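Given next are the chains, with one letter for each unit.
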Amino acid sequence: MVLTTAQRAAIQNNWATVDANMQEMGDALFMRYLLANPGDIQFFPKFASAGVGAQLRSNEAFQEQTLTVFQFLGKIVAKLGDLDAAGKMLQERVHSHKPRGITMAQFERLLDLLPRFLQENAGAHGPCADAWRVAIANLMPYMRSEFKKC
C-alpha cells in the first residue's frame, strides 16, 4: 500500500504533538520497548547498568538516547514526501547500528510499537495510526535490503 498525501499529512500533523513533548514521548516509548524486551538493554552500554525499571527514566544517558532517536524520527517524518530520501536516511542507520549487533528484528519490534503508542499517547486516531503503519511498511524494505548488503 502506498502512503497517500492525506496519510502523510496526518502523520506530520500528529508529529507536531510528539514534537511538543518529545523527551517524554521518547522516554515512554523506549520504556515500553525495554519492558517488553529487557535483554535489549545490552545494546545501550551508556545506560545498561541502570537496568530496566522506573529508575531508567531519570537516567541522563537514557534521556539523551531517546531524544536522539525521536529527533531522527522527526527528520524521517519531514521527508515522507520523498520516501526514497527517508529510506536512505534509515539505511544510514543500518550502517551505524548493525556493527553493534543490532538486528533488523530489533528495529521492527520498536517500530511495531510506534503506531499504537502514538494512538494511546499522542492522539493518533485510528486513520492516523493506520497511516503510521503504512509509512512504516513502506520504509522497512529500505532497511531490510541494507541489512542484507552489509
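Fair warning: this is a prediction, and the values are worked out from it, not measured in the lab.

Conventions adopted
- Residues numbered from 1 in each chain as written.
- Predicted model: local features only at pLDDT ≥ 70, side-chain atom pairs only at ≥ 80, totals over all residues.
- Heavy atoms only, no water.
- UniProt positions renumbered as here; feature names shortened; annotations may be inferred.
- Helix = DSSP H or I, 4+ residues; strand = E, 2+ residues; numbered from the N terminus.
- Core = buried A, V, L, I, M, F, W, Y, C linked by side-chain atoms within 4.5 Å.
- Buried < 20%, exposed > 50% of the residue type's maximum accessible area, 1.4 Å probe, protein only.
- Contact = heavy atoms within 4.5 Å.
- Expected span 1.5 Å × (residues − 1).
- Axes fitted to C-alpha atoms, helices over the stretch in contact; angles between N-to-C directions.
- Parallel < 35°, antiparallel > 145°, perpendicular 65-115°, else oblique.
- Left-handed = near helix turned anticlockwise from the far one by under 90°.
- Nonpolar A, V, L, I, M, F, W, Y, C, P; charged D, E, K, R; others polar.

A. Spatial organisation of the UniProt feature "domain: Globin" (unreviewed entry) in the chain. UniProt's feature table lists "domain: Globin" (unreviewed entry) at residues 2–148, given in the numbering used throughout. Here residues 2–148 is 72% helix and 0% strand, with 23 Å between the C-alpha atoms at its ends.

B. Region of the structure containing the nonpolar core. Ranked by internal contacts, the top residues of the largest apolar core, which has 51 residues, are Ile11, Trp15, Leu34, Phe70, Leu118, Trp132 and Leu139. Among the elements of the structure, helix H1 (5–20), helix H2 (22–36), helix H3 (60–78), helix H4 (83–97), helix H5 (104–121) and helix H6 (126–149) are those that each provide at least two residues to this core. Of the residues forming this core, the biggest block, eleven residues, is contributed by H6. Those residues in contact with Ile11 that sit more than four places away from it in its chain are Leu3, Val77, Leu80, Cys128, Ala131, Trp132 and Ala135.

C. Focus on H2. Relative to the 21 Å expected for 15 residues at 1.5 Å per residue, H2 spans 21 Å between its end C-alpha atoms, a close match to the ideal helical length. Of the positions making up H2, those classed as buried are Met22, Met25, Gly26, Asp27, Ala28, Leu29, Phe30, Met31, Tyr33 and Leu34.

D. Summary view of the packing of H2 against H5. Where H2 meets H5, the axes come as close as 10 Å, and the angle between the chain directions of the two elements is 125°. Taken together, the axis directions place H2 and H5 in an arrangement best described as oblique. For the element pair H2 and H5, the recorded crossing hand is right-handed. For the pair H2 and H5, the contacting residues are Met25, Ala28, Leu29, Phe30, Arg32 and Tyr33 in the first and Gln106, Arg109, Leu110, Leu113, Leu114, Arg116, Phe117, Glu120 and Asn121 in the second. Looking at the contact of H2 with H5 residue by residue, the class counts come to nine nonpolar, two polar and four charged.

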